[in-house]
Amino acid sequence: MMDSNKMTINLALFGMTQSGKSSAGNILLGSTDFHSSFAPCSVTKDCSLGRSCHFHSFMRRGGQEVTLQVQVLDTPGYPHSRLSKKHVKQEVREALAHHFGQEGLHLALLVQRVDVPLCEQEESSPVQMIQELLGHAWKNYTAILFTHAEKIEEAGFNEDEYLHEASDTLLTLLNSIQHRYIFQYKKGNSLNEQRLKTLERIMEFIKENCYQVLTFK
């Protein structure tokens with residue numbers, strides 16, 4: 001949604017249990033809207049929408065400064081430790097229609113821990129759900145958000161080296177979505193700085209897609 005000097009972008013988080021979806025959502029929003037904690041089971045059981053404060057003069061478009069607001073839909077992990085796949089898919093489908101049915105979704109973020117290799121079996125679950133819910137155009141509206149990216153540096157890698165050593169499954173997925181990815185760090189940079197860098201990257205993807213959205217019925 002956008003008028004001459006205000007823009008709202010709509011994002012949805014997908015991923016496996018304990019991938020860091022809710023924590024990543026909180027960084028994007030600059031809040032603690034989503035409950036996030038370490039647990040031996042799935043923490044998020046319901047879809048929840050969070051809204052950020054307004055980022056004044058975040059960008060320029062058409063010669064005018066634009067104020068940005070971010071809406072993020074947090075979703076249960078898929079597969080879930082307590083809920084069936086059918087239940088989770090129905091919950092997310094209804095939430096997408098309710099929150100973004102008319103305004104539309106700008107970007108689905110597949111949240112993936114950098115210290116958990118993406119193998120074919122794991123890839124099939126959250127990615128299949130994205131494909132099913134977003135339809136044939138899913139590749140144009142999906143990016144990967146790598147969480148716990150500080151572990152790359154701790155292991156002595158940089159981002160390029162990490163991707164060079166990545167699994168074939170991950171590389172194939174990245175090729176499918178035109179290499180749209182973001183590394184999110186929790187150490188070194190302040191959370192505010194990290195949020196702005198992540199949002200700037202997200203806006204690059206949305207601009208490349210001509211600000212188009214996916215609508216849901």
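Residues numbered from 1 in each chain as written. Predicted model: local features only at pLDDT ≥ 70, side-chain atom pairs only at ≥ 80, totals over all residues. Heavy atoms only, no water.

Per an unreviewed UniProt entry, the chain goes by the name GTPase IMAP family member GIMD1 and belongs to Delphinapterus leucas.

**Here we look at the pairing of strand β6 (residues 142-147)**
Selection rule: Between buried and exposed lies partly exposed: a residue is buried under 20% and exposed over 50% of the maximum accessible area for its type, with that area taken using a 1.4 Å probe on protein chains only. Strands here mean DSSP runs of E at least two residues long; helices mean DSSP runs of H or I at least four residues long; both are numbered from the N terminus. For two strands to count as paired, DSSP must find a minimum of two bridges between them.
Counting buried positions along β6 yields six of six residues, so the element is predominantly enclosed. Residues T142, I144 and F146 line one face of β6 and the alternating positions A143, L145 and T147 line the opposite face, and both faces are buried. Where strand β5 (residues 107-113) lies against β6, six bridges are found, and the strand directions are parallel. Residue pairing across strands places V111 opposite L145, the latter belonging to β6. Here three bridges tie β6 to strand β7 (residues 181-183), and the two strands are oriented parallel to one another.

**So, the environment of L83**
How we decide: In what follows, residue pairs with any heavy atoms lying within 4.5 Å of each other are defined as contacts.
Within the fold, L83 resides in the loop between β4 (64-74) and α2 (85-100). Its relative accessible area of 23% is what places L83 among the partly exposed residues. Aside from chain neighbours lying at most four places away, what touches L83 is K45 and V88.

**Here we look at the nonpolar core**
Here is the rule: Put simply, a nonpolar core is a bunch of buried Ala, Val, Leu, Ile, Met, Phe, Trp, Tyr and Cys residues held in one set by side-chain atoms that sit within 4.5 Å of each other.
Core analysis: the largest hydrophobic core is formed by 40 residues, its most contacted members being L134, I144, F146 and F183. Looking at this core, the elements that each hand over two or more residues are β1 (6-15), α2, β5, α3 (120-134), β6, α5 (159-164), α6 (168-176) and β7. Each residue touching F146, except ones within four places of it in the same chain, is listed here: Q112, V114, Y162, L163, L170, Y181, I182, F183 and Q184. Counting residues in each nonpolar core, the second largest holds 27 residues, with F58, M59, V111 and I202 among its members.

**Some points on unusual backbone geometry**
With phi around 55°, Q178 is a residue other than glycine that occupies positive phi space. Assessed through its relative accessible area of 43%, Q178 is described here as partly exposed.

**Focus on a negative patch on the surface**
Heads up, the condition is: Residues enter patches when their relative accessible area tops 30% and they take part in no salt bridge; the joining distance is 9 Å for like charges and 5 Å for the nonpolar side chains Val, Leu, Ile, Met, Phe, Trp and Tyr. Calculation of accessible area relied on Shrake-Rupley with a 1.4 Å probe; when residues are assessed, cover is drawn exclusively from the protein chains displayed. Note on definitions: salt bridges are taken to be side-chain nitrogens of Lys or Arg within 4 Å of carboxyl oxygens of Asp or Glu. All tallies of charge rest on Lys and Arg as positive and Asp and Glu as negative; His and the ends of each chain are not included. For charged residues, the charge sits on one atom: NZ in Lys, CZ in Arg, CG in Asp, CD in Glu.
A contiguous patch of negative charge, built from E153, E159, D160, E161 and E165, is present on the exposed surface. Per element, the largest residue contribution to the negative patch is three residues, and it comes from α5. By the element assignment, E159 lies in helix α5. You can call E159 partly exposed: its relative accessible area is 31%.

**Focus: the pattern of salt bridges**
Overall, the coordinates contain six salt bridges when judged by the stated rule. A salt bridge links E204 to R201, with the nearest nitrogen and oxygen atoms 3.4 Å apart. Placement of the pair is E204 and R201 together in helix α7 (residues 191-208), with a separation of three residues, close to one helical turn. According to the relative accessible area criterion, R201 is partly exposed, its value standing at 28%. Here the residues in one salt-bridge network are K89, R93 and E132, joined through shared partners.

**With respect to the packing of aromatic side chains**
Filter applied, for reference: Each Phe, Tyr or Trp ring, with Trp reduced to its six-membered ring, pairs with another whose centre is within 6.5 Å; inter-plane angles below 30 degrees give stacked pairs, above 60 give edge-to-face pairs, and intermediate values give tilted ones.
Applying the stated rule across the entire model yields six aromatic pairs. With 5.9 Å between their ring centres and 80° between their planes, F146 and Y162 make a pair best called edge-to-face. Highlighted residues: F146 in strand β6 and Y162 in helix α5, separated in sequence by 16 residues. The residues F146 and Y162 share a single accessibility class, namely buried. Aromatic side chains F146 and F183 sit 4.8 Å apart centroid to centroid with 20° between the ring planes, which places their arrangement in the stacked category. Of the two residues, F146 sits in strand β6 while F183 sits in strand β7, which places them 37 residues apart along the sequence. The residues F146 and F183 share a single accessibility class, namely buried.

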